[in-house]
Structure formats: structure tokens, C-alpha cells
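Read off the chains here:
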Amino acid sequence: MTTQSKPVVVPVPSDEDREYWEAAKQGKLLIQKCGGCNRLRHFPTMGCPHCGTMKWTWVQASGKGTIYSWIIVHPPVLPAFQDKVPYNVILVQLEEGTRMISNMVECPNDQIKIGMPVEVVFEKVTEQITLPKFRPAKSAR
Ligand SMILES: [Zn+2]
């Protein structure tokens, strides 16, 4: 038995995010750059929510960022989540300029702070899916 438990809901790759999941398996965090307005966005979508353009390119993120916001989820929750609580959900401000939702690891929930430097780590959950998570940054920034 490992310490990593399976998430209740495992993402299923689709045409728009398959490359994202393939990259995650190789330890790379990809973000989308719009071909129309050049805005970065995460999570992958087919069209840009700002200008509607369906063209994009992938940019490899450094994986470094800071905590923009966070919450700790407590009971009551759906039965499927009962053995997970309390767990954290973080909003990370990536240094590239876009934000993403993830979970903090290698850090007690009561030590998560807004503005703290974090870096991405990759957690394999199935053969298909590796999830990017974040831990307190260890490298000098
Ligand atoms: Zn756009």
C-alpha cells in the first residue's frame, strides 16, 4: 500500500488536452497560449475564452509559482470524499502569468500561506494520468 491514494475522479484525456496529459507523464507542465490574443490559459480548452480563437500553441511552464489563494475542505462532503477530508485546494499563480488549481503536497495544511513560493511535482495516479501538484519551493528563486 502506498501513501498516494487514487483521486475519486480521474480525468479522461480528450482531443484538446491529450498533449497536456502526455507531457505531465514526462514531468512537464504545459499551458496554452492563444494564437489570437497571445493570452495564456489553463486548463486546456479548444477555444479562447477571451477572443474565441480556436488556435493555440503549447508553452512549457517552469513549474514555479506562488500561492494566490487556497482553501481547506472539511466535512460535510459527498460520501466518496469522506476519507479525503480535510484536504487542501490551492490556486497557484504561475510565474508565466496564468493561474491553475491544484493541491499542495509535502506541506501541512496549516502551513499553507498566500504568497508562498511553490514548485510543481508530478503524481502518477494511473497509467493514463499523472497529476501536477505543488510543494513548497526548494530551489532558490
Ligand atoms: Zn485569445
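This text follows the structure it describes.
It should be emphasised that the depicted structure is a prediction, and the values quoted were computed from it without experimental measurement.

Draft legend 1. Examining the sheet that holds strand β1 (residues 29-34) more closely. Ordered by their spatial adjacency, three strands build an open sheet running β2-β1-β3, and the pairing between neighbours is antiparallel. Whereas interior strands pair on both sides, the edge strands pair on one side only; in this sheet they are β2 (40-41) and β3 (56-61). Across two bridges, the pairing between β1 and β2 is antiparallel. Following the sheet pairing, lysine 33 is matched in β2 by leucine 40. Against the sheet, helix α1 (residues 18-25) makes contact with β1 and β3, and its axis sits at roughly 150 degrees relative to β1, the strand it touches most.

Draft legend 2. Just the sheet that holds strand β8 (residues 130-136), in detail. Read from one edge to the other, the open sheet built from five strands follows the order β6-β5-β4-β7-β8, with strand pairing classed as antiparallel. Two strands lie at the open edges of the sheet, namely β6 (99-102) and β8, each paired on one side alone. On average, each strand axis in the sheet is inclined to that of its neighbour by 35 degrees, with strand direction left out of account. The pairing of strand β7 (residues 117-124) with β8 spans seven bridges and is classified as antiparallel. Opposite phenylalanine 122, over in β8, you have proline 132 as the bridge partner. In this fold α1 packs onto β6, β7 and β8, with an angle of close to 55 degrees to the strand it touches most, β8.

Draft legend 3. Summary view of the coordination of the zinc ion. Every protein donor of the zinc ion is accounted for by Cys34 (SG), Cys37 (SG), Cys48 (SG) and Cys51 (SG), and the metal-donor separations fall at 2.3 to 2.4 Å. Of note is the zinc ion, whose four donor atoms meet at the metal with angles of 100 to 117 degrees in an arrangement that counts as tetrahedral. Taken in sequence order, the residues that donate to the zinc ion follow the motif C-x2-C-x10-C-x2-C. Remark: cysteine 48 occurs in the loop between β2 and β3 and cysteine 37 occurs in the loop between β1 and β2; sequence separation between them is eleven residues. With a relative accessible area of 6%, cysteine 48 lands in the buried category.

Draft legend 4. How the structure looks around the environment of tyrosine 68. Among the structural elements, tyrosine 68 can be located in strand β4 (residues 64-73). Of the residues examined, tyrosine 68 reaches a relative accessible area of 40% and is grouped as partly exposed. Distance in space between the C-alpha atoms of tyrosine 68 and proline 117 is 9.9 Å, their sequence separation being 49 residues. In this structure, tyrosine 68 is in contact with Leu91, Val92, Gln93, Arg99 and Ile114, ignoring residues within four places of it in sequence. A distance of 3.5 Å separates polar atoms of two side chains, one belonging to tyrosine 68 and the other to arginine 99.

Reading the values: rules and limits
- Residues numbered from 1 in each chain as written.
- Predicted model: local features only at pLDDT ≥ 70, side-chain atom pairs only at ≥ 80, totals over all residues.
- Heavy atoms only, no water.
- Pairing = 2+ DSSP bridges.
- Helix = DSSP H or I, 4+ residues; strand = E, 2+ residues; numbered from the N terminus.
- Contact = heavy atoms within 4.5 Å.
- Axes fitted to C-alpha atoms, helices over the stretch in contact; angles between N-to-C directions.
- Donors = N, O, S within 2.8 Å, 3.2 Å for Na, K, Ca; no water.
- Tetrahedral: all angles 85-135°; square planar, octahedral: opposite > 155°, others 65-115°.
- Buried < 20%, exposed > 50% of the residue type's maximum accessible area, 1.4 Å probe, protein only.
- Polar contact = N/O pair within 3.5 Å; in protein donor to acceptor, adjacent residues only side chain to side chain.

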